[in-house]
Amino acid sequence: MIKIAVYCIRCGLCIDLHPELFEYDFEKDEIILKPEAFKDERLDEMKSMAKDCAVAAIVITKN
């Protein structure tokens, strides 16, 4: 499972680096994952983004 934690500071680095995986929801004031982020072939990319996140707000867990 991949999610964005509530303590995300919305710096936008994830969107800047991978706009195909992340987007900003202005109405909810949160960064959300696009459906593309949940594809198995994107797992390595998501793990890389989790490491790059300034506050470790990209959380990847095993189901």
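Residues numbered from 1 in each chain as written. Predicted model: local features only at pLDDT ≥ 70, side-chain atom pairs only at ≥ 80, totals over all residues. Heavy atoms only, no water.

## Description of the packing of aromatic side chains
Aromatic ring pairs are reported here in terms of the distance separating the ring centres and the angle at which the planes meet.
Point 1. Within this structure, the stated rule accounts for one aromatic pair.
Point 2. Seen in terms of ring centroids, tyrosine 24 and phenylalanine 26 are 4.6 Å apart; in terms of plane orientation they differ by 65°. Their pairing is edge-to-face.
Point 3. Owing to a relative accessible area of 24%, tyrosine 24 belongs among the partly exposed residues under this scheme. (Phe/Tyr/Trp six-rings, centres within 6.5 Å; stacked < 30°, edge-to-face > 60°. Buried < 20%, exposed > 50% of the residue type's maximum accessible area, 1.4 Å probe, protein only.)

## Structural notes on the nonpolar core
Point 1. Core analysis: the largest hydrophobic core is formed by 14 residues, its most contacted members being Ile4, Cys14, Phe22, Leu33, Met46 and Ile58.
Point 2. Discounting chain neighbours no more than four positions away, the residues touching isoleucine 58 are Lys3, Ile4, Cys14, Phe22, Met46, Met49, Ala50 and Cys53. (Core = buried A, V, L, I, M, F, W, Y, C linked by side-chain atoms within 4.5 Å. Contact = heavy atoms within 4.5 Å.)

## Some remarks on the pattern of salt bridges
Point 1. In total, this model carries five salt bridges according to the counting rule given.
Point 2. The shortest N-O distance in the salt bridge between aspartate 29 and arginine 10 comes to 3.7 Å. A residue pair is termed long-range when its members are at least 10 positions apart, and aspartate 29 in the loop between β2 (22-25) and β3 (30-33) and arginine 10 in the loop between β1 (2-4) and α1 (13-17) qualify at 19 residues.
Point 3. In this structure, lysine 39 and glutamate 36 form a salt bridge, with 3.1 Å as the shortest nitrogen-oxygen distance.
Point 4. A single network of salt bridges, built from pairs that share partners, joins Glu20, Glu36, Lys39, Arg42 and Glu45. (Salt bridge = Lys/Arg side-chain N within 4 Å of Asp/Glu carboxyl O. Helix = DSSP H or I, 4+ residues; strand = E, 2+ residues; numbered from the N terminus.)

## Thoughts on the confidence of the model for the protein chain
Point 1. Confidence in the prediction of the protein chain, expressed as mean pLDDT, is 93, and 98% of residues score 70 or more.
Point 2. Least confident of the elements in the protein chain is helix α2 (residues 43-52), whose mean pLDDT is 91; most confident is β2, at 96. (pLDDT = per-residue confidence, 0-100.)

## Digging into the state of the cysteines
Two cysteines, two sulfur atoms, one covalent bond between them: this is a disulfide.
Point 1. Summed over all chains, the structure comprises zero disulfides.
Point 2. Left unpaired, cysteine 8 is separated from the closest cysteine sulfur, that of cysteine 14, by 6.2 Å.
Point 3. The buried category is assigned to cysteine 8, whose relative accessible area is 13%. (Disulfide = S-S within 2.5 Å.)

## Observations concerning the pairing of β3
Point 1. The two faces of β3 differ: Ile31 and Leu33 on one face are buried, but Glu30 and Ile32 on the other face are not.
Point 2. Taken together, the four bridges between β2 and β3 define a ladder with antiparallel strand orientation. For aspartate 25, the partnering residue across the bridge sits in β3 and is glutamate 30.
Point 3. Linkage of β2 to β3, two consecutive antiparallel strands, is achieved through a turn of four residues, within which aspartate 29 is found at a positive phi near 55°. (Pairing = 2+ DSSP bridges.)

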